[in-house]
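Coordinate inspection notes
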Amino acid sequence: MFCDNIVMLRNAFGFSQEEVAEKLNISRQAYAKWEKGITYPDIEKCALLAGIYNTTLDALYNTEGLPDGTGVAPAPKGKHLFGVVTMSEKGQLVIPKKARDVMGYNSCEELVVLGDEGSGLALMRVCDFEKQMQEALESIKK
């Protein structure tokens, strides 16, 4: 999993193995062995990798793919891919437990459903949405 993640990240950032190796002060060959899963970096190099790719150590090692087996590059710090949900015939969705836990959503909590016809839907706490709308209105008045 680690080797797949660093390959995806390197490609997503448009780096060559040589460029990443230079940033880590190691040889290209050493880095190539990490991508092949032959060897693994020490924790200090892992921390540097996480910094280069703006992700976390946990994401470097533990990123989950999509249900169809497609790998997904680790998300940037503070961003998440919680998985796939299926809409019921009545239009209901179940938010994955991990998403609820990470975001701190509780049962019976009110959420605003935001939509963009080109991108899809997003959920936001009512209190956070109201606060951001109030801040936006105040900035317009200035």
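On a predicted model such as this, the values are computed, not experimentally measured, just so you know. (Residues numbered from 1 in each chain as written. Predicted model: local features only at pLDDT ≥ 70, side-chain atom pairs only at ≥ 80, totals over all residues. Heavy atoms only, no water.)

A separate point is the overall build of the protein. Looking only at helices and strands, one finds 7 helices and 2 strands in the protein. Secondary structure of the protein in N-to-C order comes out as α-α-α-α-α-α-β-β-α. Against the 2.2 N^0.38 benchmark of 14 Å for 142 residues, the protein shows a C-alpha radius of gyration of 20 Å, more extended than a compact globule. Projected onto the principal axes, the alpha-carbon positions of the protein cover approximately 55 × 45 × 30 Å. The proportion of buried residues among the 142 residues of the protein is 23%. The contacts in the protein between residues at least 6 apart in sequence include a share of 32% that link residues at least 24 apart. (Helix = DSSP H or I, 4+ residues; strand = E, 2+ residues; numbered from the N terminus. Rg over C-alpha atoms; globule rule 2.2 N^0.38 Å. Buried < 20%, exposed > 50% of the residue type's maximum accessible area, 1.4 Å probe, protein only. Contact = heavy atoms within 4.5 Å.)

A separate point is the environment of threonine 39. Tracing the chain through its elements places threonine 39 in the loop between α3 (28–36) and α4 (43–52). According to the relative accessible area criterion, threonine 39 is partly exposed, its value standing at 31%. Those residues in contact with threonine 39, other than ones at most four positions away along the chain, are Ala30, Lys33 and Trp34.

We now examine unusual backbone geometry. The backbone phi angle of asparagine 25 is positive, close to 60°, even though this residue is not glycine. Relative to the elements of secondary structure, asparagine 25 occurs in the loop between α2 (17–24) and α3. A positive phi is found at cysteine 108, a non-glycine position, where the angle reads about 70°. Among the structural elements, cysteine 108 can be located in the loop between α6 (97–103) and β1 (111–116). For cysteine 108, a relative accessible area of 81% translates into the label exposed.

Applying the stated criterion to the full structure yields 6 aromatic pairs. With centroids separated by 6.3 Å and ring planes inclined at 35°, the aromatic side chains of phenylalanine 15 and tyrosine 53 adopt a geometry described as tilted. With phenylalanine 15 in the loop between α1 (2–13) and α2 and tyrosine 53 in the loop between α4 and α5 (57–62), the pair connects residues that are 38 residues apart, well separated along the chain. According to the relative accessible area criterion, phenylalanine 15 is partly exposed, its value standing at 21%. (Phe/Tyr/Trp six-rings, centres within 6.5 Å; stacked < 30°, edge-to-face > 60°.)

Counting 13 residues, the largest nonpolar core has Ile6, Leu24, Tyr31, Trp34, Leu49, Tyr53 and Leu60 as its most contacted members. Of all elements in the fold, only α1, α2, α3 and α4 reach the threshold of two or more residues within this core. Not counting chain neighbours up to four residues away, the residues in contact with leucine 49 comprise Phe2, Ile6, Val20, Leu24, Tyr31, Trp34, Pro41 and Leu60. (Core = buried A, V, L, I, M, F, W, Y, C linked by side-chain atoms within 4.5 Å.)

Interpretation in functional terms is not warranted from these geometric data alone.
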